[in-house]
Protein chains: 2
Amino acid sequence: MSLDNINPSVKQAKYAVRGELAVKAEEYRARLADGDKSLPFDSVIFANIGNPQQLDQQPITFFRQVLSLVENPVLLENPDVLKTAFGYKQDVLDRAKALLAAVQSVGAYSHSQGAPGIRESVAKFIEERDGFPANPQDLFLTGGASSGVSTLLNIICDGPKTGVLVPIPQYPLYTATLALLNATCVPYYLEEDKAWGTDVNAIKQSIKDAKAAGTDVRSVVVINPGNPTGASLTADDIKQVIDIAAEESLVIMADEVYQTNIFMGEFVSFKKRLRQLQQEYDNVELVSMHSTSKGMVGECGHRGGYFELVGFDPLVQEQIYKLVSIGLCPPVVSQCLLETMVNPPKAGEPSYELYDKEYSGIRDGLAQRALALYDAFQRMEGVECQKPQGAMYLFPKIELPAKAVEAAKAENRAADEFYCLRLLDATGVCVVPGSGFGQKENTLHFRTTFLAPGTDWVERIVKFHSEFMEQYR
Amino acid sequence: MSLDNINPSVKQAKYAVRGELAVKAEEYRARLADGDKSLPFDSVIFANIGNPQQLDQQPITFFRQVLSLVENPVLLENPDVLKTAFGYKQDVLDRAKALLAAVQSVGAYSHSQGAPGIRESVAKFIEERDGFPANPQDLFLTGGASSGVSTLLNIICDGPKTGVLVPIPQYPLYTATLALLNATCVPYYLEEDKAWGTDVNAIKQSIKDAKAAGTDVRSVVVINPGNPTGASLTADDIKQVIDIAAEESLVIMADEVYQTNIFMGEFVSFKKRLRQLQQEYDNVELVSMHSTSKGMVGECGHRGGYFELVGFDPLVQEQIYKLVSIGLCPPVVSQCLLETMVNPPKAGEPSYELYDKEYSGIRDGLAQRALALYDAFQRMEGVECQKPQGAMYLFPKIELPAKAVEAAKAENRAADEFYCLRLLDATGVCVVPGSGFGQKENTLHFRTTFLAPGTDWVERIVKFHSEFMEQYR
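Here the structure is a predicted model, which means the values were calculated and not measured.

Asker: Would you mind showing me how to read the overall build of chain A here?
Answerer: The helix and strand inventory of chain A stands at 17 helices and 14 strands. On C-alpha atoms alone, chain A measures out to a radius of gyration of 23 Å, which is about the 23 Å that the 2.2 N^0.38 rule sets for 473 residues. Taken along its principal axes, the extent of the C-alpha atoms in chain A is 70 × 60 × 50 Å. Taking all 473 residues of chain A together, the buried fraction comes to 63%.

What follows is the structure, encoded as structure tokens:
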């Protein structure tokens, strides 16, 4: 096989989050670990990906205590030692036993939609979040939200004639998966100067254009809170999207993995908003996705998550079941983790105090770092950044001198990619160019997480930027 | 969305292992659990899927002790208590520390190919197994072998003109994935009367026919030891497949997940055989797959595994990296489990004695059950079964009375499906009809695992079969 005869759809797919820059950053990391002193920095900062436990973030104790017990249930035979020597509380032991009863063994395949008992917990969580019922049969546990997106787009897409509305900028999983399926991405642009809000007129125009080009627009993706934008939608914003979906018979794919990463206002789920409008709309199909990788949980490596189907034809749901059954089941340990995430210790329970302290500590730390980074961007020449509302990222706009743009062209690179490569080479800080997420023509951005501890790395960016601007002025 | 407008390739895909029968079996299980006394059996036996820990099999202690520590590294702070109260040995503690050093946290995304340190262990395992070097850069850790198969077929296939040779009978993952990719399955029949051996003339004829039909045959799948057949290939058998692959420029997909489930002879890997012939063949592309789900490990729920690429173009390998990076990384706990599987305690090490006892106990138990089931099939009228050589399954041929075939037709079912449904309804034993794996026209089979403990369920099959034969004689 060669590049000339492999599946051309794979060649088409792009995924910048783990692309050239990330590979180069990993090489720098390995060189530093091997004692290489020739680099102009002493650590690599992976700000290219929302991977909190690669950086500073410690896992939440309750989750990991429970998981240690489901991995080795023999530990449960000596509860007193667990308590006295290791500080495990009774609710940890009880939870582990309940999970083992639900899955039998974390080494056994579960139901392909996830263990029924765990789906019941997730349904309860959704009910409490939204004030509307949820049915375990409509829940599909997944290996991270990514695999759920892949499943759903596989169902929706039937070649190039199928169009899916994707916000620009977007998390590149969507465009990459559409490329793999040889389906058509129908972009709609977010409004940067309105804090990256969703512009329903832009969606309508995109639908109109796509239809004129013969595309059958079947679905609209919304990422809320936004990745890479950090925007958080209001109940009104969400209603407007639902209005369009009802009018145009679009399946709403609501990527809500950052639902607890909110700094301003409060999170409103698409499910809740749809149910509030249900008398008006009984024909809207919605899928809502969640994950154990984000929020204050940050357990990316466990690959856990779920999606909920609302308003789907039962026969289509059967096809989705068949599709996921081919992959057998999501990792069972991650299902257990998901259960602890949706059903954490409650006030008055033995593990609550520590859980609450850890959870709040992570939440407050993230908010502080987001604002500190935002402040730093305010100080930088030619950089404009929307105030963070949610998620784990900032997506500043950068205006680069004409000479820098020319230098990039000479290297056959996009100007933002050129900038990010220079930043990495000079400082060890790895961010992702805006072109990896999509951006309006003649604008440049980059995405950075605000997960890395300390302020040193932020100062590295500030210093680099000022020198870069001087160099190419 | 409705059945009329979803992706037709999804509708085409079939996966009987978790199909109608499995769903019905799960319903029976739930009814029994709810206290339903109306069924003619008191337990459901899931012999439809190789899922050892759902049945009798206990996990191997060393693996789970290590995993409990990587899930909660705080436990490592009190090594004496781990040893005295819970029997953890020093090598367990050391291994957990080494794995944590390799992955940092099991909650962090790893490298998309899997943590480099773990890939090094896998490479060493392959070197020791085959006597030829392996390169960690050619290894891709996966979430079970299934996701590896999906990745590779995604790379190889480019629509209906691409053909992939699949043995019949086969594990339906292959035909299902080809259906999803809208590629062409080119079947080649295994020789039942030669213990389900691989007939190279059958492969050659299939290639010839496919080419005549305009199909570009790109790859050949070999499952060794065989699923569902239980066959184990000799070094000569393997050479013959390599010969054809070299002649016809086929990528060999060697599904070797049952490589330690061998009852007769010894396992020879495709990689080893290819390297032995390397002076003759330097142009053969091979991918070899392995899993933590099978063997004596049986940790299906953890979703771990790997594939190794041999002789691949580096530019194609880059595309494979990009493809897996879209899904971020395989579950990190499963990567740790894989490491313990390929690098288990060695003679003289503290955990060796127990490990060896557990491992041998599982191995011997599986061999005994395989033979006991084989013996039972010998006793049954109209049933013919090849002697088990490996894997976890028997695939007996059944000859049913004409009246039974008519009764099946009246229900619009294949005769083997009809038989398996009656078996489930009467006994609670769930097996999979041969039509789910493919079989020569005018033959009927079913696949059963031999994982369930005891002999009661085997006697249930024997009794049912004799009554069924009487009823339709």
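Asker: Would you take a moment to explain the relation of the copies chain A and chain B for this structure?
Answerer: Both copies of the chain are tied together by a single rotation about an axis and a shift running along it. Screw-axis analysis of chain A against chain B gives a translation of 0.0 Å along the axis, an RMSD of 0.0 Å, and a rotation angle of 180°. The operation mapping one copy onto its partner corresponds to a two-fold rotation axis. Considering only C-alpha atoms, the part of chain A nearest the rotation axis is A:Ser68, at 2.0 Å. Here 100% of the interface residues in chain A have copies in chain B that are interface residues too; the copies meet face to matching face.

Asker: Is there a simple way to explain helix 9 (residues 200-212) of chain B in this structure?
Answerer: Owing to its 3.6 residues per turn, the α-helix aligns residues three or four sequence positions apart on the same side. Residues and elements named next belong to chain B. The end-to-end C-alpha distance of helix 9, which contains 13 residues, comes to 18 Å, matching closely the 18 Å that a straight helix rising 1.5 Å per residue would cover. For helix 9, the complete set of buried residues consists of Val200, Ala202, Ile203, Ser206, Ile207 and Ala210. Angular distribution of buried residues about the axis of helix 9 spans 155°; they occupy a single face of the element. In helix 9, the exposed residues that point more than 90 degrees away from the buried face are Asn201, Lys208 and Ala212. For helix 9, the elements touching its buried residues are strand 3 (162-168), strand 4 (184-189), strand 5 (216-223) and helix 10 (235-248). Where helix 9 begins, the side chain of Asp199 points an oxygen toward the backbone nitrogen of Asn201, at a separation of 3.0 Å. Just downstream of helix 9, Gly214 is the residue with a positive phi angle, here 85°.

Asker: Help me out: how do you make sense of the interface of chain A and chain B in this one?
Answerer: Each partner contributes residues to the interface: chain A has 82 residues there, and chain B has 82 residues. Together, the buried faces of chain A and chain B total about 6800 Å²; carbon and sulfur atoms form 58% of this surface. Interface area lost by chain A to chain B is led by A:Met1, A:Arg18 and A:Tyr109, which between them contribute 13%. Counting the contacts that link chain A with chain B gives 2 salt bridges. A salt bridge links A:Glu71 to B:Arg64, with the shortest nitrogen-to-oxygen separation between them at 3.8 Å. The interface formed by chain A and chain B holds 42 residue pairs in polar contact (both at pLDDT 80 or more) in total. Sorting the residues of the side of chain A that touches chain B by element identifies helix 1 (8-12), helix 3 (61-71), helix 4 (79-86), helix 7 (144-156), helix 8 (173-180), helix 12 (314-326) and helix 13 (332-342) of chain A as the ones contributing at least two each. Ranked by residues supplied to the side of chain A that touches chain B, first place goes to helix 12 of chain A with 8 residues. For the side of chain A that touches chain B, the residue count by class is 43 nonpolar, 27 polar and 12 charged.

Asker: Whenever I open this one, the state of the cysteines confuses me. Can you help?
Answerer: Put plainly, two cysteines are in a disulfide when a covalent bond ties their sulfur atoms together. This structure, assessed with the given rule, holds 0 disulfides over all chains. In this structure A:Cys300 is not part of a disulfide, and its nearest cysteine sulfur, from B:Cys329, lies 8.1 Å away. Unpaired in this structure, A:Cys420 has its nearest cysteine sulfur neighbour in A:Cys430, at a distance of 8.3 Å.

Asker: What is the right way to read the packing of aromatic side chains from this model?
Answerer: The description of two aromatic rings rests on the distance between their centres and on the angle between their planes. All names here are of chain A. In this structure the tally under the stated criterion is 34 aromatic pairs over all chains. Consider the rings of Phe468 and Tyr472, whose centres lie 4.8 Å apart with planes at 50°: the pair is tilted. With Phe468 and Tyr472 both in helix 17 (residues 456-472), this residue pair falls 4 residues apart, about one helical turn. Take Phe468 and Tyr472: they sit in the same class, and that class is buried. An aromatic cluster is present here, built from Phe377, Phe418, Tyr419, Phe446, Phe464, Phe468 and Tyr472 joined pairwise through their rings. Against the face of Tyr393 rests Arg447, its NZ or CZ located 3.9 Å from the ring centre.

Asker: Got a minute to help me understand the environment of B:Thr455 in this structure?
Answerer: Residue and element names in this part refer to chain B. Positionally, Thr455 belongs in the loop between strand 14 (446-449) and helix 17 (456-472). Its relative accessible area of 51% is what places Thr455 among the exposed residues. When the C-alpha positions of Thr455 and Ala372 are compared, they lie 8.2 Å apart, and in sequence the two are 83 residues distant.

Asker: Looking at this structure, I do not really get the nonpolar core. What am I missing?
Answerer: One broad rule of soluble globular proteins: the nonpolar side chains tend to lie buried together. In this structure, A:Met253 and B:Met253 are the most contacted members of the largest nonpolar core, which totals 345 residues. Those residues within four positions of B:Met253 in sequence are excluded, and the remaining contacts are B:Val149, B:Leu152, B:Leu153, B:Ile156, B:Tyr174, B:Ser219, B:Val220, B:Val221, B:Val222, B:Val287 and B:Met289.

Asker: What should I look at first to understand the UniProt feature "domain: Aminotransferase class I/classII large" (unreviewed entry) in chain A in this one?
Answerer: Per the UniProt annotation, the sites labelled "domain: Aminotransferase class I/classII large" (unreviewed entry) are residues 93-455 of chain A. End C-alpha to end C-alpha, residues 93-455 of chain A measures 39 Å, and it is 43% helix and 15% strand.

Asker: Before we go on, may I ask you to explain the sheet that holds strand 2 (residues 139-142) of chain A in this structure?
Answerer: Backbone-to-backbone hydrogen bonds pair the strands of a sheet. The strands run either parallel or antiparallel. Residues and elements named next belong to chain A. The mixed open sheet is built from 7 strands, whose spatial order is 2-8-7-6-5-3-4. The strands lining the two open edges of the sheet, one partner per strand, are strand 2 and strand 4 (184-189). Averaged over all pairs of adjacent strands, the angle between their axes in this sheet comes to 20°, without regard to strand direction. Where strand 3 (residues 162-168) meets strand 4, 6 bridges bridge the pair, whose relative direction is parallel. Following the sheet pairing, Val166 is matched in strand 4 by Pro187. This element, helix 13, spans strand 2, strand 7 (286-291) and strand 8 (305-310) of the sheet and lies at about 120° to strand 2.

Asker: Teacher, can you tell me more about the sheet that holds strand 13 (residues 432-433) of chain A here?
Answerer: Residues and elements named next belong to chain A. The strand order 10-14-13 describes an open sheet built from 3 strands, whose pairing is antiparallel. Each of the sheet's edge strands pairs with one partner strand only, and the pair in question is strand 10 (393-394) and strand 13. Examined bridge by bridge, strand 10 and strand 14 (residues 446-449) share 2 bridges and lie antiparallel to one another. Note that in strand 14 the partner of Tyr393 across the bridge is Thr449.

Quick notes on the rules
Residues numbered from 1 in each chain as written. Chains lettered and ligands numbered in written order. Predicted model: local features only at pLDDT ≥ 70, side-chain atom pairs only at ≥ 80, totals over all residues. Heavy atoms only, no water. Helix = DSSP H or I, 4+ residues; strand = E, 2+ residues; numbered from the N terminus. Rg over C-alpha atoms; globule rule 2.2 N^0.38 Å. Buried < 20%, exposed > 50% of the residue type's maximum accessible area, 1.4 Å probe, protein only. Least-squares fit on C-alpha atoms with pLDDT ≥ 70 in both. Contact = heavy atoms within 4.5 Å. Expected span 1.5 Å × (residues − 1). Arc of directions from axis to C-beta. Polar contact = N/O pair within 3.5 Å; in protein donor to acceptor, adjacent residues only side chain to side chain. Buried area = accessible area lost by both parts, 1.4 Å probe. Salt bridge = Lys/Arg side-chain N within 4 Å of Asp/Glu carboxyl O. Nonpolar A, V, L, I, M, F, W, Y, C, P; charged D, E, K, R; others polar. Disulfide = S-S within 2.5 Å. Phe/Tyr/Trp six-rings, centres within 6.5 Å; stacked < 30°, edge-to-face > 60°. Lys NZ or Arg CZ within 6 Å of the ring centre and 35° of its normal. Core = buried A, V, L, I, M, F, W, Y, C linked by side-chain atoms within 4.5 Å. UniProt positions renumbered as here; feature names shortened; annotations may be inferred. Pairing = 2+ DSSP bridges. Axes fitted to C-alpha atoms, helices over the stretch in contact; angles between N-to-C directions.

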